[in-house]
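Below, each chain spelled out in residue letters.
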Amino acid sequence: MSTEAESVDVLLALSALPAARPQAPDTEAPALNTAAAASAAALLLSACGGGENAPPASAEGAPSTQALAAREQGSALSPGGLQPRPTRRDAARFLCQASFGPTGAAQIDAMVQLGFDAWISGQAKRPAALHIDYLQAQRDRDGKTYVPEELSYEAIWQQWLWGEDQLRARMSWALLQFFVISNIAPDLRPHAMSSYLDLLNRNAFGNFRTLLGEVSRHPAMGYYLNMLKSQKENPVEGTHPNENYPREVLQLFSIGLVKLNPDGSTQLDGNGRPIPTYDEPVIRGFARAFTGWGFGGLNTADPKDFLCPDENNEALWQRPMEAWPAFHEPGEKLLLDGRRLPAGQTPQKDLDDALDCIFQHPNVGPFFGRQMIQRFVTSNPSPAYVARVAAAFANNGRGVRGDLLAVLRAVLLDKEARGDAAGGAPRFGKLREPVIRFAHFLRALGATSTSGSNRIHYLDSADEALGQSPLLAPSVFNFYSPFFRPAGPLMDAGMVAPEFQITSETSTAGSLNFFHGLFQSGGYGWPEEHRVRLNLEPLRLLAGDATRLVDELDLLFFSLQMSAATRQRLLTLINAIAPNRLRTRVRQALTVVALSPDFVVQH
C-alpha cells in the first residue's frame, strides 16, 4: 500500500467524505472530487463570519513553544520610535494584505523591524514596472512574427511573483478591478493591455483625478467602452454619441448609482428611498462631452485617420487618444447636479470639465474607498472605517483631494485593519481571490524558472483552473460585484462577500484539483525552461517533525492565525504518512492548506 495513496484518503476523509480505497503503489494521487469541493465551499462560507467559534486547541494540536513565542514578538518601538513594532502575526497579515504574499520568515521578521509606515514609504519610492518592456524583450521568441496576447498575461505575473514593487503591484491590480478592461472577447491588442497596466502602475500612488484623465484617454479603455471614435450626433444618419463609457465611468468608476453619506451609507429622500446620483439626460450630456476622440499621433484634420486608422500600428495603442474637433458635439451638455457645459467649448475643455465634475462629487471618496478596503483588507468595513478612508481621499492632510497613496495608507493602517485582535473581530475578513492564493503559494514556496520568465496564461476555467485570470474579467463589472451577497448566513446577517460570486462547487473542485496538481508536479507551466518550479526543500527539512512543519505552514500561509481544527487536521495527515516520505508529507500538507477555510478566508 502506497503512503501517498493513504494520504489522499486522509484528504478525502478530512473533507467529510468516506475515504476512498487506497491505490496501488506509485499510482498518481486522484483528483479531489466535487463532493469534497461542496463540503469545502460550505466551510468557507461559515468561516467568513470571523472564525471566533473554532474549538480550543488540544494539547497535541497546540502550537509549539517556539511558535507561541514568535506570536508575541514585536513589543519594541519601530524605527523612529513613533509606533510600536508590529507583532510577527500582524506583520504576516500585513504582507498578505499589501503584497502578493510573504516570501518567507525572513521577510516577515524584517517587516517587524521596519514597521508598516516605513515599508509603505519605501515601496512608494520604487520605480514602476514596465509591462511594455517585457513585450519588447519577448516579442521575437518562438519565431513568431507578431506579439501574442499571452505576453501581456506573463508580464503581470512577472511583476506579481518577482517584482520588488509589491505594493504598487497590488494597488494596480485593485485599480484594474475598478477601472476594468478585459480581453475576454478577445480583441484587445497586447500593446493596448500592457500599456494600460503601465498606466495603472505609474499612477498607483498618484492622484485619482490624474488617473481618471489618463484612463479616459487611453485607447484600451476607449476601444473597450467605445469612447474611441465616438462622434457628435448626425440627424441625417440617425446616429448619436456613444453612451457606453459615460454610463460606466459614472456607475462603476467613480460615484455609483445612489448618493452616499461620507461613511458610505445610502442617502434617502423624505420617503425613505435612495436618491439617484444621475439620470438618462445626464448620461447623454456626458456622452456629448466625450465625443471627438481618436487615436493619437495622427493627422487630426484628416477624417480618414479618425474613421479608418491602421489599427495594426502598435504605437497607436500606447499613445493617449487625441481630440478631433470636427467630430466633437458643439452644443451645451448637462452634467451632474444640474451643472451645464456651455456650447462651443473644445473637446479637451469639455472632457476636462466633465471629469472635474465627476472628481469633485462627494460620492467618489466613500465609493472608491470602500472598494479599496474590500480589495485589500475586509469585505464588510464598518461605516467609521469607510468614513476615515473617505476623509483621506477628500484631504490628505495637506489640502490635496484624491491622493491615492494617502488613501492606501488609510486603508492599510486603519485601527480596524491592524493589530493582532483585528483579524478575529466579528464581520471581519474576506475570501481571498484565487489568483492571489496562487501567487501566495508561488512566492512563499520560492518559485523560480530557469529562463527567468513564466508561461502563466489562462486561468479562467472554473473546471480546470482557478475561475479567474488577470485581464480576462467576464465583463466591465469585473469578476464579481462589490455588493454581492451569497444566499445563506451572510445574506441573513446583511453582509457582502464579493469573491463568492465566482465560487461554486465547480470552481472549488477545479481550484482544489489545480493546487493539488501544482504541489504534486512541483510547478506550473511549460516548456521546461519556463516552468515556474516550487522549492519544497525548506519544508522537506522540517517534515520529519510534524509540529515544526505545521508551525512553518502557520507562519507562511495563515499569518500565525491557524485554527485549532486546521492544526489538528494537518497533524493527523502528516503523521499518517511514513516518516521517510518527507516530500509526500509536504505536498499533501500543502493541499490541505489550499482547502483550509482559515487560509482561503483572509482575517
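No experiment lies behind these values; they were computed from the predicted model shown.

How each quantity is defined
What you see as residue numbers is a count from 1 along each chain, following the sequence as written. Totals for whole chains, interfaces and linings use every residue, but because this is a predicted model, local features are given only for residues with pLDDT of at least 70 and side-chain atom pairs only at 80 or more, for both listing and counting. Here the side-chain values reflect all heavy atoms present in the structure, with hydrogen atoms and water set aside. Strands here are runs of E lasting at least two residues and helices are runs of H or I lasting at least four, both read from the DSSP assignment and numbered beginning at the N terminus. Whether a residue is buried, partly exposed or exposed follows from its accessible area with a 1.4 Å probe, protein chains only, as a fraction of its type maximum: under 20%, in between, or over 50%, in that order. In the sections that follow, a salt bridge refers to a side-chain nitrogen of Lys or Arg positioned within 4 Å of a carboxyl oxygen of Asp or Glu. To estimate the expected span of a helix, subtract one from its residue number and multiply by 1.5 Å. Working definition of a nonpolar core: buried Ala, Val, Leu, Ile, Met, Phe, Trp, Tyr and Cys residues. They are joined through side-chain atoms within 4.5 Å. Should any heavy atoms of two residues lie within 4.5 Å, those residues are considered in contact. Only the six-membered ring of Trp is used, alongside the rings of Phe and Tyr, when aromatic pairs are assigned; centres must lie within 6.5 Å, and planes under 30 degrees apart are stacked while those over 60 apart are edge-to-face, with the rest tilted. Should the NZ of a Lys or the CZ of an Arg lie within 6 Å of a ring centre and within 35 degrees of the ring normal, that charge is described as sitting over the ring.

## Considerations on unusual backbone geometry
Peptide bonds are trans in most cases, and residues, glycine excluded, mostly fall at negative phi. Cis rather than trans, the peptide bond between Ala 185 and Pro 186 has omega equal to -10 degrees. Here Pro 186 is to be found in the loop between helix H9 (166-176) and helix H10 (190-203). You will see that Asp 142, though not glycine, has its phi angle at about 60 degrees, which is positive. With respect to the helices and strands, the residue Asp 142 is situated in the loop between helix H7 (131-138) and helix H8 (150-162). By relative accessible area, which is 59% here, Asp 142 ends up exposed. Phi is positive for Asn 226, which is not a glycine, with a value near 70 degrees. Here Asn 226 lies in the loop between helix H12 (219-224) and helix H13 (244-251).

## Remarks on the pattern of salt bridges
When the charged atoms of two side chains with opposite charge come close together, those side chains can pair. All told, the structure shown has 31 salt bridges when counted by the stated rule. For Arg 139, the salt bridge is made with Glu 314, and the minimal N-O distance between the two is 2.8 Å. Pair noted here: Arg 139 is in the loop between H7 and H8 and Glu 314 is in the loop between helix H15 (303-307) and strand E2 (322-323), with a separation of 175 residues, a long-range link. Each member of the salt-bridge network shares a partner with another, and the members are Arg 141, Asp 142, Glu 154 and Arg 455.

## Some words on helix H17 (residues 364-376)
Residues spaced three or four apart along an α-helix face the same direction, because each turn holds 3.6 residues. In this model, H17 (13 residues) spans 18 Å end to end at C-alpha, consistent with the 18 Å of a helix rising 1.5 Å per residue. Among the 13 residues in H17, 13 count as buried, and that is most of the element.

## Details of the nonpolar core
Counting 157 residues, the largest nonpolar core has Phe 179, Phe 438 and Phe 557 as its most contacted members. At eight residues, helix H24 (residues 546-558) tops the list of elements feeding residues into this core. Look past the residues within four positions of Phe 179 in its chain and what remains in contact with it is Tyr 196, Phe 208, Leu 211, Leu 212, Val 215, Met 221 and Phe 253. One finds Tyr 134, Val 147, Leu 151 and Ala 155 within the second-largest nonpolar core, a separate group that totals six residues.

## Quick look at the side chain of Ser 152
Note on placement: Ser 152 falls in helix H8. Beyond its immediate chain neighbours, meaning those up to four positions away, Ser 152 contacts Leu 135, Pro 190, Met 193, Ser 194 and Leu 471.

## Considerations on the packing of aromatic side chains
Overall, the coordinates contain 39 aromatic pairs when judged by the stated rule. Ring plane angle 80 degrees and centroid distance 5.5 Å describe the contact between Phe 514 and Phe 515, whose orientation is recorded as edge-to-face. According to the relative accessible area criterion, Phe 515 is buried, its value standing at 1%. Between Arg 170 and the ring centre of Phe 100, over which it is positioned, the NZ or CZ distance is 5.5 Å. Directly above the aromatic system of Phe 116 lies the positively charged group of Arg 418, at a separation of 4.9 Å from the ring centroid.

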